[in-house]
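The lines below spell out each chain.
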Amino acid sequence: MKIFLDTAIVDEIRQAASWGILDGVTTNPTLVAKAGRTFKEVIDEICSIVNGPVSAEVTDEHAEGMMKQAREYAAWHRHVVVKIPMCEEGLKAIYQCKKENIRTNVTLIFSPNQALLAAKAGATMVSPFIGRLDDISHEGMNEVYIMRQIFDNYGIETEILAASIRHPVHVIEAAKAGADIATLPFSVLKQMVKHPLTDLGIERFLKDWESVKKLSLNKVPA
Ligand code: G3P
């Protein structure tokens, strides 16, 4: 499963990229607002760090406006994937992007039917929002299992990108469900690295190594 970061904070992206595990980045208007920089500036810098897809979201409500933004963002960098919300106008824009060879990530997907329609219109990726479904007492990950089955039944190549991931168990579940990609907040990625037994083990090895070093120092040469 590919791992993307769901952030527009460049320092977080640099750190994750330095670990050799980062396959791409997703942003949305909320995340860009948190970064406190202009949209193009942020996307340009992210594209220079990550060797993979970087999602940039359109904000127009009509297909023509979405296409204007899609063409502009796609021209910024070859890594840009245009993020388009699931709706009737969005479907028109996805279809047009496909014709113009602009890659798309269809966002705000909450059902397998939406995923199927987005894929048929030509989406490169579909993003089911797991955490937001869980928030309303609906098992979000079940939708990913169903989408995987439908896409496999018909050999649909659109990638399933598990989004709105809130904790490390979501990541394991997304991988078990066969999601192609999971996009994570940096905090979740850091939680995945940690295990209390690993920390304890490192601490104990370092402590024991100190006594080995003392023995070597005390040894009188023959
Ligand atoms: O990028 C979209 C998605 O991952 C947002 O997550 O936590 O705001 O539901 P969240």
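Structural notes, computed from the coordinates. The structure presented is a predicted model; accordingly, all values stated were derived computationally and were not measured.

Details of the site of the ligand
The environment of the ligand is formed by Asp-6, Asn-28, Lys-83, Phe-129, Arg-132, Ala-163, Ser-164 and Arg-166. In the environment of the ligand, an oxygen atom lies 3.2 Å from a nitrogen or oxygen atom belonging to the side chain of Asn-28. In the model, an oxygen atom of the ligand is placed 2.7 Å from a nitrogen or oxygen of the Ser-164 side chain. Starting from 310 Å² of accessible surface for the ligand in isolation, the protein chains cover 82%. In this structure the site holding the ligand corresponds to the largest pocket. Here the residues of the shell around the ligand sort into 2 nonpolar, 2 polar and 4 charged.

Points about the layout of surface pockets
The volume enclosed by the largest pocket comes to roughly 320 Å³. Among the elements of the structure, helix H2 (29–35), strand S5 (104–109) and helix H10 (186–193) are those that each provide at least two residues to the lining of the largest pocket. A per-class count over the lining of the largest pocket returns 7 nonpolar, 10 polar and 6 charged.

What to know about the environment of Val-193
In this fold, Val-193 is placed in helix H10. Measuring from C-alpha to C-alpha, the distance between Val-193 and Pro-168 comes to 9.8 Å, with 25 residues separating the pair along the chain.

Some words on the side chain of His-170
Structurally, His-170 can be placed in helix H9 (residues 168–177). Of the polar contacts made by the side chain of His-170, one reaches the backbone nitrogen of Arg-166; its length is 3.0 Å.

Notes on the packing of helix H1 (residues 10–18) against helix H3 (residues 39–49)
Pairs of packed helices are described in terms of their axes, by the angle between the two and the distance that separates them. It is the contact of H1 with H3, at a shortest axis distance of 10 Å, that shows an interaxial angle of 10 degrees. Relative to H3, the element H1 lies roughly parallel. For the pair H1 and H3, the contacting residues are Val-10, Ile-13, Arg-14 and Ala-17 in the first and Glu-45, Ile-46 and Ile-49 in the second. For the contact of H1 with H3, the residue count by class is 5 nonpolar, no polar and 2 charged.

Cut-offs applied
Residues numbered from 1 in each chain as written. Predicted model: local features only at pLDDT ≥ 70, side-chain atom pairs only at ≥ 80, totals over all residues. Heavy atoms only, no water. Near = heavy atom within 4 Å. Polar contact = N/O pair within 3.5 Å; in protein donor to acceptor, adjacent residues only side chain to side chain. Areas by Shrake-Rupley, 256 points an atom, 1.4 Å probe, with all protein chains shown as cover. 1 Å grid on protein atoms, 1.4 Å probe; cavity = no way out; pocket = protein on both sides within 12 Å on 5 of 7 lines; lining within 4 Å. Sits in = over half its atoms within 2 Å of the grid points. Nonpolar A, V, L, I, M, F, W, Y, C, P; charged D, E, K, R; others polar. Points joined across faces, edges and corners; volume = space filled by probe spheres on them. Helix = DSSP H or I, 4+ residues; strand = E, 2+ residues; numbered from the N terminus. Axes fitted to C-alpha atoms, helices over the stretch in contact; angles between N-to-C directions. Parallel < 35°, antiparallel > 145°, perpendicular 65-115°, else oblique. Contact = heavy atoms within 4.5 Å.

Geometry only, nothing functional implied.
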